[in-house]
Every structure is written in C-alpha cells, then in structure tokens.
Amino acid sequence: MNDVVLKVRDLNKSFDGVPAIQDISFDLFRAETLGIVGESGSGKTTLARCILRAIEPDSGHVEFLSDDGKVDLLKLRHKAMLPLRREMQMVFQDPYASLNPRMTVREIIEEPLVIHGVKSKAKRLERIREILDLVQLDHDSLYRFPHAFSGGQRQRIGIARALILRPKMVVCDETVSALDVSVQAQIINLLEDLQRELHLTYMFVAHDLAVVRHICDRVLVMHRGKVVESGTIDQVFDHPQQNYTKLLLSAIPSPDPDVRLNPLDRRTLGL
Amino acid sequence: MTDNVLEIRDLGVEFKTDTGTTNALRGVNFDVPRGKVTAIVGESGSGKSVTANCIMRLIQRPGRITSGSILFNPTSTESFDIVALPDKDSLIYELRGGLISMVFQEPMTALSPVHKVGDQVSEAILCHRNVSKAEAWEEAAEMLNHVGIEDVSRRINMYPFEFSGGMRQRVVIATALVCHPEVLICDEPTTALDVTIQAEILTLIKRLQTELNNSILFITHDIGVVAQISDYVVVMYQGRVLEIGSTHQVLKDPKHPYTQGLLAAIPGIAPPDQRLSTISDVVGDIDITTAYPLTTLSDGRKVSLPQEALRKFSIRRTSETL
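On a predicted model such as this, the values are computed, not experimentally measured, just so you know. (Residues numbered from 1 in each chain as written. Chains lettered and ligands numbered in written order. Predicted model: local features only at pLDDT ≥ 70, side-chain atom pairs only at ≥ 80, totals over all residues. Heavy atoms only, no water.)

1. Describing the overall build of chain B
Thinking step 1. The secondary structure content of chain B amounts to 13 helices and twelve strands.
Thinking step 2. Taken against the 2.2 N^0.38 rule, which gives 20 Å for 322 residues, the C-alpha radius of gyration of chain B at 20 Å falls within 12% of a compact globule.
Thinking step 3. Taken over the C-alpha atoms alone, chain B extends approximately 65 × 50 × 45 Å along its principal axes.
Thinking step 4. Within chain B, residue pairs in contact and separated by at least 24 positions form 65% of the contacts whose partners lie at least 6 positions apart.
Thinking step 5. Accessible surface for chain B amounts to roughly 14300 Å². Of this, 49% is attributable to carbon and sulfur atoms.
Thinking step 6. Between the averaged position of the 30 positive side-chain charges in chain B and that of its 39 negative side-chain charges there is a distance of 3 Å. (Helix = DSSP H or I, 4+ residues; strand = E, 2+ residues; numbered from the N terminus. Rg over C-alpha atoms; globule rule 2.2 N^0.38 Å. Contact = heavy atoms within 4.5 Å. Areas by Shrake-Rupley, 256 points an atom, 1.4 Å probe, with all protein chains shown as cover. Lys, Arg positive; Asp, Glu negative; His and termini not counted. Charge placed at Lys NZ, Arg CZ, Asp CG, Glu CD.)

Below, the structure written as structure tokens:
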C-alpha cells in the first residue's frame, strides 16, 4: 500500500457540549481521493476543518506525513503549523465568498507565496503564470478582479491559490456543488488531471453522491458526527452494509427515468 | 388535441442594465399539459426562473416582457392571456396563489420568520376565499396534515425557525396548495435540501399531484430529479427552448446536441473511470446559439436546429407550427 499521508485517530469536537464529530479514525493514502459524505449536520465540514486546525478539535491525533517526516498536527503550536500549511490546502464551496473582491487575481494567487516567504517578485510571477496554465486560465486574468469571472473561472482561481504552494494534500469542501453541470464536469476533470500530474491527495467533502462515486477511490459515510461506514467506492455504493448508507443511496434520484426512485424509510430502518 | 393548461408563445423578456440590455428570454414556446408534470431544465441563466416569473407576472423593472403570450386554459371560454393583463388587474391577484401558485427554492426565505406557520397557510386561504379565520385555520391544519406534518395541533402554532428544512418546504407546499390551484410551479424546490429529504419531498409532490390531479411546472437543473418527477421535459438554453419531448424521449434518446451534452456532463451517467464530457465537447461546432424555430419530429418531440442538422431526422409533415 501507498504511504499514509494522514492518519486520524479518535478525533472529537463538540460545540457548546453538543458533539459535532465523535471518535473519527481513518487513514488517507498518497494520491488517492477520499470522499466524505453525509447529510448536512453530519460533521463533514467540521472534520475537514479540525484536520487542518481551522478549528481546534477537543481531542484525538492527526498524524501528517510532512516533507520532514511524521508530525502530530494537534500537538503543534500555531506558529509551528505555519510551514506545514504549505503542504495542506483547501478549496472552498462558494467561489463568490471565498475570493476577496478587492484583490486582483494576481494578488489572490500571490498571497500564499508571500506568506510562505518566496521573496523574489520575478520568481513569484513565474510561479503564478505556471499555475494559471495548469488551471487553464488566461494570463490576461492577472490584473482583473473576481467579479469579472464566471463561477467556474472563480473556482479555477481558488484551485490555483490552493495549488501554488505545491501542496501534498488538498481538502475540497463541496468544491463543485455550486456549479452548473457542464462547468462542474470541467472542474472535476481539472481536479483529476491535476491529481495525476502533481500526485495530489484529495479529501473530497461532498453531499452529491454521484460526484463522489465518479471521482473518489474510497469513501467515509458520516452520520451524526460518526463514521458509520467506510470502504472503496464500489464496496460502499454496490454493497452498503449499514442502514444509513442504504438510506442515503436509496434517495439518489437516478437520471434514468426507467429506474424509479424508491427511497427507504428512515423510521423503518430505525434511524 | 392535447388539453393544455398553459400555452406559452414567443415569450420575450429583457432586462435593462447599466451595461446594456440583456435578453433573458428570446422567444420561448412550450405548453404545460393538464394533469401532468412538465420539467424545465437548463443551466443557470437559461431563463427557467424568468419563465416562471412571467407566468406569475412577477417580472419587475428593470425587467420587462417584450413580446409573446401566455394563455391560461386556452380551450376554455374563460381563457385569458396572462401577459396582456393590465398591472393590478384583479385577475392577477386571483392568478397568484389562486389559479397558479409557486413553491420556491429556499423555504426559509419563502416563509415569514415572524408569523406562525398556521397563520401563513391560512393567510393564503383568506386572500382568495370568503371564509372566517377559524375555518381557514381548520383548513390549514388539514392541509398541513396532508403534506405529512405530524402533530399538527401543536406544530401549527410554531414558527418556521422551529422547523427543519424539509418540514419548512412541506409548509411552503401546503401554502401553495391550500387554494387548490390548477397549476403549481415548483422552482428548484429540493435544491437546498439533503438528498434524503429531497427524496421525501419529491415523493410528496408526486403523491399530491396524483391525488389532486393538478398540473405542475417543475424547474430544476438536476437531471436525476427530472427523470423521477416529470412526464415532459423542456430544455432551455440562453433564453430559448432547444428541445421538448416526453421525459423518456429527451433523457433516453436526446436529439439536440445541447441536450446530449448536458446529459454527458452528469457524473451519474458517465462511467466512473471515464472523463466527463463537457457540453462544448459534445456540441462541437454545431450552432446552438442562433434562434432556429422549433421543428416537430415524427415522434412528436420538438427541436430547435438549423436545417442542415435537421436532415438526419424524420420531420412531422403537418401545418401545425410551434
């Protein structure tokens, strides 16, 4: 098996005494895409944020395989996290809210380089041009503001910002949910191409199960803050073991009009 | 001759903005058959919601209906053109919520946060019928029960924030149906909901439609939802209709390259190990932006394509044009 990039053990987080995630444990392997699915409120985003320490978890271990070896992220002080942040990045859901409207595309993509100490202006510009090519944005875009771009283009800007530091792991939190299907297809293809070229490891938080089935290798199913089932995509989608997974899968409306929607009932399943 | 509850012809809408005029609808033509579910599907900006707003006469400045007609009950003696109604005509008020009502995407925005659920549902009754408040409240309770809200006697006195998203959408549906409208317009009613709740709401809408036998115009961008809920599909793109047919025709055997592209882009249809096609991959250099008239094919569906692209299909030879 490949290297374990991320090893999460017994991760917990409560908000005001209400548990948001409970005893989450899993491994994330290099260059794989791990899907995290579940209904709203199941703890998907909280889990992603706890791992990146965008919010502080209450307890547990998050072991990350950094370029300098294994580290337990939760034991680090904030200052010590900073160099590691280069290796783990995030792409957000809303391409309108996640870009500062008063910064140009160049400033947006350049900021991570400035923070992480790439001092030479020329070098930064060179990196920015490289990344624009990679995400298939025109170089003319550099001095324009986010409002001049469509949703799909903005998402490319968000991806460029995440990838400019050449991270190892990228957390995609509902990255394609807000996009039209054709644009969604372009961004999914782009994420897959980038993964192949750059050996990226993705944690892919999504509620759209068809998208998850398409791009993920393995999946964690979350329900009320717990992982109720995990496995390869085919295992989980074709042979779900847990009632909650069965409920979720039965609720997907098939695009084939001959396959009738026949959702299971939450109560008869005892959920 | 099919029995249509709405016939939309050559509908044009423009929005005047600082940067110029946007033609949101550019000659939209389709029918809403009685007692059936018709889905409008398209990407954002295709004009789905603008079409719905025209039917409810909700287009406001800087928007303006520039052309066309929307005939309500075209075969009845009391037929009228919704577009031609003067503003503030009493018929417009009867239309909104009485003859046609609407379910919106975001149930929290559609409901008032400061009124009890029961008051909001019974308000719809009081607006349209001459009944006492107590009677309206009674009917509201009945309708809430009908849309699957349990423990109505307690819940009817609660406020929307005390309801979950799915329950709120049930309240919106109850409000929309309480005056027994002939047409129910659902504008992305399940888009904001979890997939499990979406399945419940779709099942509910389908059940109510069978029971009440009303006509539904269902707007969505989700092909899975279209496949499950609708009898007919209208495919829109850039303010025009590109293809109309039965759900089976359009989804199983799309004829218009844009529809083919739209379907090829869906992760649920493409095999997982294959790259997704984008619409432009499929459409290629076929012209889909020029407003070609809708041509009826021999299987009854209608497509908007240039003459040379139509050659490979068999075309219905009648004088009926649409």
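2. A closer look at the sheet that holds strand β6 (residues 88–91) of chain A
Residues and elements named next belong to chain A.
Thinking step 1. Pairing is mixed in the open sheet, where six strands are placed in the order β6-β7-β8-β3-β9-β10. Single-partner strands in this sheet number two, and they are β6 and β10 (226–232). Across the sheet, the mean angle from the axis of one strand to that of its neighbour is 20 degrees, orientation sign disregarded.
Thinking step 2. In this structure, β6 lies alongside strand β7 (residues 169–173), joined through four bridges in parallel fashion. Bridged to M90 within β7 is V171.
Thinking step 3. Of the strands in this sheet, β3 (33–37), β6, β7, β8 (201–205) and β9 (218–223) touch helix α1 (residues 44–51), which is tilted by about 145 degrees from β8. (Pairing = 2+ DSSP bridges. Axes fitted to C-alpha atoms, helices over the stretch in contact; angles between N-to-C directions.)

3. Quick notes on the nonpolar core
Thinking step 1. Core analysis: the biggest nonpolar cluster contains 117 residues, and I109, I159 and F204 of chain A together with L144, I173 and F218 of chain B have the highest contact counts within it.
Thinking step 2. When near neighbours in sequence (up to four residues on either side) are disregarded, I173 of chain B contacts V103, V147, I201, L204, I205 and L208 of chain B. (Core = buried A, V, L, I, M, F, W, Y, C linked by side-chain atoms within 4.5 Å. Buried < 20%, exposed > 50% of the residue type's maximum accessible area, 1.4 Å probe, protein only.)

4. What about the pattern of salt bridges?
One side chain can pair with another of opposite charge once the charged atoms of both are near each other.
Thinking step 1. Applying the stated rule across the entire model yields 35 salt bridges over all chains.
Thinking step 2. With its nearest N and O atoms 3.6 Å apart, the salt bridge here joins E130 of chain A to R166 of chain A. Residue E130 of chain A is found in helix α4 (residues 121–134), and its partner R166 of chain A is found in the loop between α5 (151–163) and β7; the two are separated by 36 residues along the sequence.
Thinking step 3. Overall, the relative accessible area of 52% leaves R166 of chain A in the exposed class.
Thinking step 4. A salt bridge links E182 of chain B to R34 of chain B; the nearest nitrogen and oxygen atoms lie 3.2 Å apart. (Salt bridge = Lys/Arg side-chain N within 4 Å of Asp/Glu carboxyl O.)

5. Some remarks on the environment of G45 of chain B
Residues and elements named next belong to chain B.
Thinking step 1. Considering the arrangement of structural elements, one finds G45 in the loop between β3 (37–41) and α1 (48–55).
Thinking step 2. Under the relative-accessibility criterion, G45 is labelled exposed at 69%.
Thinking step 3. Sequence-wise, G45 and V226 are 181 residues apart; in three dimensions their C-alpha atoms are separated by 18 Å.
Thinking step 4. Among all residues touching G45, those that are not within four sequence positions of it are Q238 and G239.

6. Overview of the sheet that holds strand β4 (residues 63–72) of chain B
Residues and elements named next belong to chain B.
Thinking step 1. One open sheet accounts for four strands, arranged β2-β1-β4-β5; its pairing is antiparallel. The open sheet terminates on both sides in strands that have one partner only, identified here as β2 (20–33) and β5 (80–81).
Thinking step 2. Bridging between strand β1 (residues 4–17) and β2 involves eleven bridges; their strand directions are antiparallel. Of the residues in β2, the one forming a bridge with K16 is T21.
Thinking step 3. Of the strands in this sheet, β1, β2 and β4 touch α1, which is tilted by about 110 degrees from β1.

7. Overview of the domain arrangement of chain A
For interface size, the figure often reported is the accessible area lost on association.
Residues and elements named next belong to chain A.
Thinking step 1. The assigned domain composition of chain A is domain 1 (1–83 + 170–227) and domain 2 (88–164).
Thinking step 2. One C-alpha centre belongs to domain 1, the other to domain 2; they are set 22 Å apart.
Thinking step 3. Contacts between domain 1 and domain 2 engage 23 residues on the former and 18 residues on the latter.
Thinking step 4. For the domain 1 and domain 2 pair, buried surface summed over both sides reaches about 1800 Å², with 75% attributable to carbon and sulfur atoms.
Thinking step 5. The largest share of the area that domain 1 buries against domain 2 comes from L52, V170 and L190, three residues that together contribute 24% of it.
Thinking step 6. For the pair domain 1 and domain 2, the interface holds zero salt bridges. (Domains from an automatic or database assignment. Buried area = accessible area lost by both parts, 1.4 Å probe.)

8. Focus: the side chain of R218 of chain A
All names here are of chain A.
Thinking step 1. Within the secondary structure, R218 sits in strand β9.
Thinking step 2. At a separation of 2.6 Å, a polar atom in the side chain of R218 contacts the main-chain carbonyl oxygen of D27.
Thinking step 3. A polar contact is formed between the side chain of R218 and the side chain of E32, at a distance of 2.7 Å.
Thinking step 4. Discounting chain neighbours no more than four positions away, the residues touching R218 are D27, L28, F29, E32, T33, L34, G35, G231, T232 and I233. (Polar contact = N/O pair within 3.5 Å; in protein donor to acceptor, adjacent residues only side chain to side chain.)

9. Considerations on the pairing of strand β1 (residues 4–15) of chain A
Residues and elements named next belong to chain A.
Thinking step 1. Relative to strand β2 (residues 18–29), β1 runs antiparallel, the two sharing eight bridges. Note that in β2 the partner of K7 across the bridge is D27.
Thinking step 2. Taking the residues between adjacent antiparallel strands as the criterion, β1 and β2 are bridged by two residues, where D16 takes a positive phi near 50 degrees.
Thinking step 3. Two strands pair when backbone bridges link them, and β1 and strand β4 (residues 59–66) are joined in this way by five bridges, in the antiparallel orientation. Bridged to K7 within β4 is E63.

10. Quick word on the packing of aromatic side chains
Residues and elements named next belong to chain B.
Thinking step 1. In this structure the tally under the stated criterion is three aromatic pairs over all chains.
Thinking step 2. Pairing Y159 with F161 gives two aromatic rings, centres 6.3 Å apart and planes at 15 degrees, and the pair type is stacked.
Thinking step 3. F161 sits in the exposed class, given a relative accessible area of 56%.
Thinking step 4. On the basis of an interplanar angle of 35 degrees and a centroid distance of 4.5 Å, the ring pair of Y237 and Y258 is categorised as tilted. Of this pair, Y237 sits in strand β9 (residues 232–237) while Y258 sits in helix α11 (residues 257–264); the two residues are 21 residues apart in sequence, bridging distant segments of the chain. (Phe/Tyr/Trp six-rings, centres within 6.5 Å; stacked < 30°, edge-to-face > 60°.)

11. Concerning the pairing of β7 of chain A
Residue and element names in this part refer to chain A.
Thinking step 1. Counting buried positions over the five residues of β7 gives five, a clear majority of the element.
Thinking step 2. With burial as the criterion, each face of β7 is covered, one bearing M169, V171 and D173 and the other bearing V170 and C172.
Thinking step 3. Here five bridges tie β7 to β8, and the two strands are oriented parallel to one another. What sits directly across from V171, in β8, is M203.
Thinking step 4. For the crossover from β7 across helix α6 (residues 181–198) to β8, the handedness is right-handed. (Right-handed = clockwise from strand over helix to strand, strands pointing away.)

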